[in-house]
Amino acid sequence: YIFCGRVGSFGNGRADVWLIKTDAKGQKDWEKNYGWGSTDFGYEVKETNDGGYIIIGVTDAYGRADVWLIKTDFQGNEEWNRIFGENDIEYGFSVQQTTDGGYIVSGETKSFGNGHLDFWLIKTDYQGHEEWNKTFNGDGNSNDHGYSVQQTSDEGFIIVGQADLGPNNGYEQVWLIRTNSMGEEVWNKTFGGDGTDRGYSVQQTTDGGYVII
């Protein structure tokens, strides 16, 4: 197994991205930490088609929260890293390698979009260089969070998270967005009632639909 998170017990700063590889019984094979002497988090890791790993998280290396994408080899040695963000708050929550060898990232941004936290979708090439990014917002006056993204069978993308749609639409709802291969919205759906509802993970199913938790 491979998993990531944060470590504050040791490392380069207040917290580092922490990557741990285990054997089939959960015994640790190796561990790595990555940091800038700041507060850094790892939210998701996936194995890549070359046997290495891609990690998405957040760093405040520049004194603010930015999306941080890290590529490693099969032993967790860093090959490259990329930071995405501008003058405000950005978080990266989910990453997947795409069929063209690049990566798709979902999270949230306050630097772009409508001035509040918006869904943020970033597409990169195989070296992590941005190809395009898209923002999505609920009612335009509140905070929205893109927690999970997956490439679909037609090379589009499905994103799930949370949208605050305002008092007339149930406030915080699970928000599911379907895009084409360039990140342009095809449709969106909301799920929930009058309370706080969130979607943290999504996957396309074999019948072409989707399952959300």
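Residues numbered from 1 in each chain as written. Predicted model: local features only at pLDDT ≥ 70, side-chain atom pairs only at ≥ 80, totals over all residues. Heavy atoms only, no water.

### Observations concerning the overall build of the protein chain
We count it as follows: For helices the rule is a DSSP run of H or I covering at least 4 residues; for strands it is a run of E covering at least 2, with both sets numbered from the N terminus onward. This radius of gyration counts C-alpha atoms alone. The globule rule is 2.2 Å times how many residues there are, raised to the power 0.38. The buried label applies to any residue whose accessible area, calculated with a 1.4 Å probe on protein chains only, is under 20% of its type's maximum; exposed applies above 50%, and partly exposed to all values in between. Contact between two residues is taken to exist if any of their heavy atoms lie within 4.5 Å; hydrogens are not considered. Areas reported here follow the Shrake-Rupley algorithm with a probe of radius 1.4 Å; residue values treat only the protein chains shown as occluding. Only four residue types enter the tally: Lys and Arg on the positive side, Asp and Glu on the negative side; His and the chain ends are excluded. For charged residues, the charge sits on one atom: NZ in Lys, CZ in Arg, CG in Asp, CD in Glu.
For the protein chain, the count of helices and strands is zero helices and 17 strands. Over its C-alpha trace the protein chain gives a radius of gyration of 17 Å, about what one expects of a compact globule, namely 17 Å for 213 residues. When the backbone C-alpha atoms are referred to their principal axes, the protein chain occupies close to 50 × 40 × 35 Å. A buried classification covers 48% of the 213 residues belonging to the protein chain. If you take every contact in the protein chain between residues at least 6 apart in sequence, the share linking residues at least 24 apart comes to 39%. Carbon and sulfur atoms make up 43% of the accessible area of the protein chain, which totals about 10100 Å². Counting 16 positive and 33 negative side-chain charges, the protein chain places the averaged centre of each group 5 Å from the other.

### Some words on the sheet that holds strand 5 (residues 53–59)
The strands making up a sheet are joined through hydrogen bonds of the backbone, oriented either antiparallel or parallel. For clarity, the cut-off: Any two strands with at least two DSSP bridges between them are considered paired. Whenever a helix is involved, its axis is fitted only over the stretch in contact; in every case the axis is a line through C-alpha atoms, and angles between N-to-C directions fall within 0 to 180 degrees.
Reading across the sheet, the four strands line up as 4-5-6-7 and stay open at both edges, with antiparallel pairing between neighbours. In the strand order of this sheet, the two ends are held by strand 4 (40–47) and strand 7 (78–84), each with one partner. Averaged over all neighbouring strand pairs, the angle between strand axes comes to 20 degrees, with direction disregarded. As defined by bridge partners, strand 5 adjoins strand 6 (residues 66–72) across seven bridges and the pair is classed as antiparallel.

### As for the packing of aromatic side chains
Short version of the rule: Pairing of aromatic rings covers Phe, Tyr and Trp, the last counted by its six-membered ring, and requires centre-to-centre distances within 6.5 Å; plane angles under 30 degrees mean stacked, over 60 mean edge-to-face, and any other angle means tilted.
All told, the structure shown has 14 aromatic pairs when counted by the stated rule. Arranged with centres 5.1 Å apart and planes meeting at 50 degrees, the rings of Phe-93 and Tyr-147 form a pair that is tilted. Residue Phe-93 is located in strand 8 (residues 90–97), and its partner Tyr-147 is located in strand 12 (residues 145–151); the two are separated by 54 residues in the primary sequence. A relative accessible area of 17% means that Tyr-147 is categorised as buried. Site record: aromatic cluster; members linked through ring pairs are Phe-41, Tyr-43, Tyr-91, Phe-93, Tyr-147 and Tyr-200.

### Details of unusual backbone geometry
Phi at Glu-155 is positive, roughly 70 degrees, even though this residue is not glycine. By the element assignment, Glu-155 lies in the loop between strand 12 and strand 13 (157–164).

### Notes on the pairing of strand 8
By the criterion of burial, strand 8 is predominantly enclosed, with seven of the eight residues buried. Sheet topology places strand 8 next to strand 9 (residues 103–109); seven bridges connect them, and they run antiparallel. Pairing of Gln-96 across the sheet is with Ile-104, part of strand 9. The turn linking strand 8 back onto strand 9 is made up of five residues, and Gly-101 within it adopts a positive phi angle of 90 degrees.

### Quick look at the environment of Ser-201
By the element assignment, Ser-201 lies in the loop between strand 15 (185–191) and strand 16 (202–204). Residue classification places Ser-201 among the partly exposed positions, given a relative accessible area of 32%. Note: C-alpha distance between Ser-201 and Ser-148 (53 residues apart in sequence) is 5.1 Å. Apart from residues lying up to four places away in sequence, Ser-201 is in contact with Ser-148, Val-160, Val-211, Ile-212 and Ile-213.

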